[in-house]
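Chain by chain, the residues run as shown.
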Amino acid sequence: VNDASARLLDAALFANGASHIELGDDGQLLVNEYFPARTPRIHPGLSRALRDLYDFAVRYEEFLFADLRDVSSADQVSSSTHRLSPDAESGAIWTVARELVDGTLALNLINLNGVDEAWRNPCANPTPQTNVVLKIRTDRKIRRVLVATPDDGLGRLRELTLRQDEAGNAVVVVSSLAFWDLVILAP
């Protein structure tokens with residue numbers, strides 16, 4: 001079981017409003033079609049990371065699993081500092097943008113930098129990214145921007161400084177991205 005692949009898979013599923021059966025008896029990973037399989041054993045570090053991912057998904061379920069409209073497109077979010085992709089390309093930050101009925105935008109950032117084209121296979125941890133400048137095109141006035149990540153083991157929301165450019169786009173800087181960040185833009 002590859003830690004990075006397991007974490008990226010869960011981030012990809014949760015960010016897109018999906019889930020899967022992953023854990024079996026005694027907290028062991030279900031790594032094949034036979035649920036009783038007991039090997040390989042999950043080690044404590046991955047067990048903790050998965051617990052943090054599941055806690056995060058439950059805490060922010062309204063931004064992940066509710067009735068959301070997919071608004072991901074190449075022109076929805078751009079960056080002057082980092083390569084972004086709405087198509088899960090390796091060497092980029094995968095952006096998954098989904099909108100709640102009240103106009104709140106849930107922008108998921110999944111780090112695929114340093115991960116090869118077959119990132120779902122065993123891989124190294126993604127290369128951490130810092131100071132990711134995001135310009136988000138929106139038709140609504142944004143009041144607040146918050147960010148949370150399961151990667152810190154806490155999953156708490158932090159407020160980001162928001163500025164708007166001359167075209168009315170929201171501009172924010174995400175200070176760090178390890179695996180997955182959730183950016184919430186509230187109207």
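This section reports on the structure supplied with the text. Counting starts from 1 at the beginning of each chain's written sequence and moves along it residue by residue. Where totals are concerned, whole chains, interfaces and linings use all residues; where local detail is concerned, this predicted model gives features only for residues with pLDDT of at least 70, and gives and counts side-chain atom pairs only at 80 or more. No hydrogens and no water enter the side-chain calculation; it runs on all heavy atoms of the structure.

1. Focus on the nonpolar core
And then number 1: As used here, the term nonpolar core means buried Ala, Val, Leu, Ile, Met, Phe, Trp, Tyr and Cys residues forming a set that is joined through side-chain atoms within 4.5 Å. Here's how the labels work: a residue is buried when its accessible area is under 20% of the maximum for its type, exposed when over 50%, partly exposed in between, all with a 1.4 Å probe on protein chains only. Core analysis: the largest hydrophobic core is formed by 33 residues, its most contacted members being Leu8, Tyr60, Phe63, Trp94, Ile110, Trp180 and Leu182.
And then number 2: Breaking this core down by element, the ones donating at least two residues are α1 (3–15), α2 (44–59), α3 (61–64), β4 (93–99), β5 (105–111), β7 (144–148) and β11 (180–186).
And then number 3: Helix and strand labels come from DSSP, where a helix needs a run of H or I of at least four residues and a strand needs a run of E of at least two; each type is numbered from the N terminus. Sorting elements by how many residues they give to this core places α1 first, with seven residues.
And then number 4: Contact criterion: two residues are considered in contact whenever any of their non-hydrogen atoms come within 4.5 Å of each other. Those residues in contact with Leu182 that lie beyond four places of it in its chain are Phe56, Tyr60, Phe63, Ala106, Leu107, Asn108, Leu146, Val147 and Ala148.
And then number 5: Counting 21 residues, the second largest nonpolar core, distinct from the first, contains Leu84, Ala170, Val174 and Val183.

2. Observations regarding α1
And then number 1: Between the first and last C-alpha of α1 there are 18 Å, a value that for 13 residues agrees with the 18 Å anticipated at 1.5 Å per step.
And then number 2: Summarising burial for α1: ten of the 13 residues are buried, a large majority.
And then number 3: Packing partners of the buried residues in α1 comprise α2, α3, β4, β5 and β11.
And then number 4: Pairs of N or O atoms within 3.5 Å make up the polar contacts considered here, provided that, within protein, one atom can donate a hydrogen while the other can accept it, and that residues adjacent in sequence are counted only when both atoms are side-chain atoms. Capping the start of α1, Asn2 holds a side-chain oxygen 3.4 Å from the backbone nitrogen of Ala4, two or three residues further along. Expected helix span is taken as 1.5 Å per residue step, with the number of steps being one fewer than the number of residues.

3. Here we look at the pairing of β7
And then number 1: The element β7 is extensively covered by neighbouring structure, given that four of its five residues are classed as buried.
And then number 2: Direction of pairing for β7 relative to β11: antiparallel, over a ladder of five bridges. Note on β11: the bridge partner recorded for Val147 is Val183.
And then number 3: Relative to strand β8 (residues 158–160), β7 runs antiparallel, the two sharing three bridges. Counterpart to Val147 in the pairing with β8 is Arg158. Strands were regarded as paired on the criterion that DSSP finds at least two bridges between them.

Any functional reading would require information that these geometric values do not contain.
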